[in-house]
Amino acid sequence: MRKAIVIGGGIGGLTAAAALKGKGWTVRVYERAPGLEPVGSGLAIGPNALRALDTLGIGDRVRDLAALAGDGGLQRPGGGWLSRTSAEDAAVRYGDLTVIMLRSRLVSLLSGLLETDDLHLGVTVESVSPDDGTVITDRRADRADLIVAADGIGSRTRAALFPGHPGPRYFGLTAWRLLTADPGTIEAFSETWGRGLLFGVTPLADGMLYCYAAAPAPAGRRAPDEKRELLRLFGTWHDPIPGLLAQADPARILRNDIYFMEPPLPAFHRGRVVLLGDAAHPMTPHLGQGACQAIEDAIVLAHEVTDGGGPAAYTAARLPRTTEIMRRSRRIGRLAALQNPLLVALRDAAMWTANRLGPSLVLRQGDPVFAWRPPAAAAGLIRR
């Protein structure tokens, strides 16, 4: 029986482990954190990722958490709408839902597909050998037929495999994420764009809201009081933003700088080692595709290394797609981050005009992202 070692117990790593296990591999996940605890905030699972999760048998359990309904879209800081679409229209066009859910809930669903002995927590991987599949941890040496590096945006494995690549670059924006109670009046997603500033609000299941924000800032800068900083930046914007910030628990506000990869890596594999998710293609969050692309990676990887052309075929399948999605997300991020008043006015006018020409014109832009389907053979991942 073939053996895979997965470095990292995040969304991508757990999906890869579950997908490989479903294909008959023995898996061992090494995660340096002491537990798969409920860290993080919300994330978007688009139609493309839902189809991938269907191959693991948990797609419908994610769909059950869908809370988006009605009309939503992009707004100005004063509350006027730039673009409006409905969750129902999007679901019809893309053939499935977009589900905003707690990251911890998805981690729980994915880890439930694994055995306790598959997970090795509190273990730090110190080095890997692409030639013979040896993994050196702070506890032992191990060896596998395949090493899956899902060790995040600061991947040490990526740096070792491609030492000449410049790695992720700072995008010039910092981002906040927070969870707060739904006042009972919010059903639809909304995102508001100002001059260099962005604020999003989206409902979750169980009466919660997921909010996120972005603003220009020097890399690494932190405010003494992040809630006060958010109120300074967004406290005069349209309702319900000020009220949501006022009721937010400061202890549940997360702040992270935004990084991206440019140029892309030349490959996602070397020898027995493959890169996956943020380790392979860190992208800005403006398309909501970071976790989705990691999930796609994992399903395609399990197919290619079991029934397809191996790691090289995995690179061939994933590198062009993720490169294009990184580019699209970066382009949207740059539009949202515009600060020049004239350019902001031109941007807003173009978005308003496009929406007046028909919501389908706006939705059509998502087709290349959301229309993706797993390889037909991936339907065989689940073994009953």
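The rules behind the values
- Residues numbered from 1 in each chain as written.
- Predicted model: local features only at pLDDT ≥ 70, side-chain atom pairs only at ≥ 80, totals over all residues.
- Heavy atoms only, no water.
- Axes fitted to C-alpha atoms, helices over the stretch in contact; angles between N-to-C directions.
- Helix = DSSP H or I, 4+ residues; strand = E, 2+ residues; numbered from the N terminus.
- Parallel < 35°, antiparallel > 145°, perpendicular 65-115°, else oblique.
- Left-handed = near helix turned anticlockwise from the far one by under 90°.
- Contact = heavy atoms within 4.5 Å.
- Nonpolar A, V, L, I, M, F, W, Y, C, P; charged D, E, K, R; others polar.
- Core = buried A, V, L, I, M, F, W, Y, C linked by side-chain atoms within 4.5 Å.
- Buried < 20%, exposed > 50% of the residue type's maximum accessible area, 1.4 Å probe, protein only.
- Patch = residues over 30% accessible without salt bridge, like charges linked within 9 Å, V, L, I, M, F, W, Y side chains within 5 Å.
- Areas by Shrake-Rupley, 256 points an atom, 1.4 Å probe, with all protein chains shown as cover.
- Salt bridge = Lys/Arg side-chain N within 4 Å of Asp/Glu carboxyl O.
- Pairing = 2+ DSSP bridges.

Trainee: Run through the packing of helix H1 (residues 11–22) against helix H9 (residues 290–307), naming residues and quoting values.
Mentor: As a packed pair, H1 and H9 sit with axes 8 Å apart at the nearest point and diverge in direction by 25 degrees. The angle between H1 and H9 falls in the class roughly parallel. The chirality of how H1 crosses H9 is right-handed. Judged by residue contacts, Ile11, Gly12, Thr15, Ala16, Ala19 and Leu20 of H1 engage Ala291, Ala294, Ile295, Ala298, Ile299, Ala302 and Val305 from H9. The residue makeup of the contact of H1 with H9, split by class, is 11 nonpolar, 2 polar and no charged.

Trainee: Describe the nonpolar core, naming the residues involved and giving the relevant values.
Mentor: A general tendency of soluble globular proteins is for nonpolar side chains to be buried together. The biggest cluster of nonpolar side chains holds 74 residues, and the ones touching the most others in it are Ile45 and Leu106. Examining the composition of this core, we find that 10 residues originate from one element, H9, more than from any other. When residues no more than four places from it in sequence are discounted, the contact partners of Ile45 are Leu50, Leu53, Val62, Leu97, Thr98, Val99, Met101, Leu106, Cys292 and Ile295. Residues Phe199, Cys211, Ala215 and Ala248 belong to the second largest nonpolar core, which totals 19 residues.

Trainee: So what's going on with a nonpolar patch on the surface? Residues and values would help.
Mentor: Taken together, the side chains of Leu342, Leu343 and Leu346 make up a nonpolar region of the molecular surface, amounting to roughly 310 Å² of accessible area. Examined against the element boundaries, Leu346 turns out to sit in helix H11 (residues 341–356). The class of Leu346 is exposed, set by a relative accessible area of 53%.

Trainee: An account of the sheet that holds strand E8 (residues 125–128) is requested, with residue identities and associated values reported.
Mentor: Read from one edge of the open sheet, 3 strands run E8-E9-E10, paired in antiparallel fashion. Here the strands that pair on one side only, and so sit at the sheet edges, are E8 and strand E10 (141–143). Taken pair by pair, the neighbouring strands of this sheet meet at an average axis angle of 25 degrees, ignoring direction.

Trainee: Tell me what's going on with unusual backbone geometry, and back it up with residues and numbers.
Mentor: Following Asp239, the chain continues into Pro240 via a peptide bond in cis, with omega recorded as 10 degrees. Within the secondary structure, Pro240 is located in the loop between helix H7 (226–234) and helix H8 (241–247). Cis geometry marks the peptide bond from Glu262 to Pro263; its omega dihedral reads 5 degrees. Summarising the element assignment, Pro263 is placed in the loop between strand E16 (254–260) and strand E17 (269–270). In the Ramachandran plot, Asp206 falls in the positive-phi region, its phi being about 70 degrees despite a non-glycine side chain.

Trainee: I'd like to hear about the pattern of salt bridges, residue by residue, with values.
Mentor: Overall, the coordinates contain 22 salt bridges when judged by the stated rule. In this structure, Lys23 and Asp307 form a salt bridge, with 2.4 Å as the shortest nitrogen-oxygen distance. One end of the pair, Lys23, is in the loop between H1 and strand E2 (26–31); the other, Asp307, is in helix H9, and 284 residues separate them in sequence. Looking at Asp307, the relative accessible area reads 45%, which means it is partly exposed. Each of Asp54, Asp60, Arg63 and Asp96 takes part in a single network of salt bridges with overlapping partners.

Trainee: An account of the sheet that holds strand E1 (residues 3–7) is requested, with residue identities and associated values reported.
Mentor: On the basis of which strands lie adjacent, the open sheet formed by 6 strands has the order E7-E2-E1-E11-E18-E17 and mixed pairing. Every other strand in the sheet has two partners, leaving strand E7 (119–121) and E17 as the edge strands with one partner each. The pairing of E2 with E7 spans 3 bridges and is parallel. Considered in E7, the bridge of Glu31 is made with Leu121.

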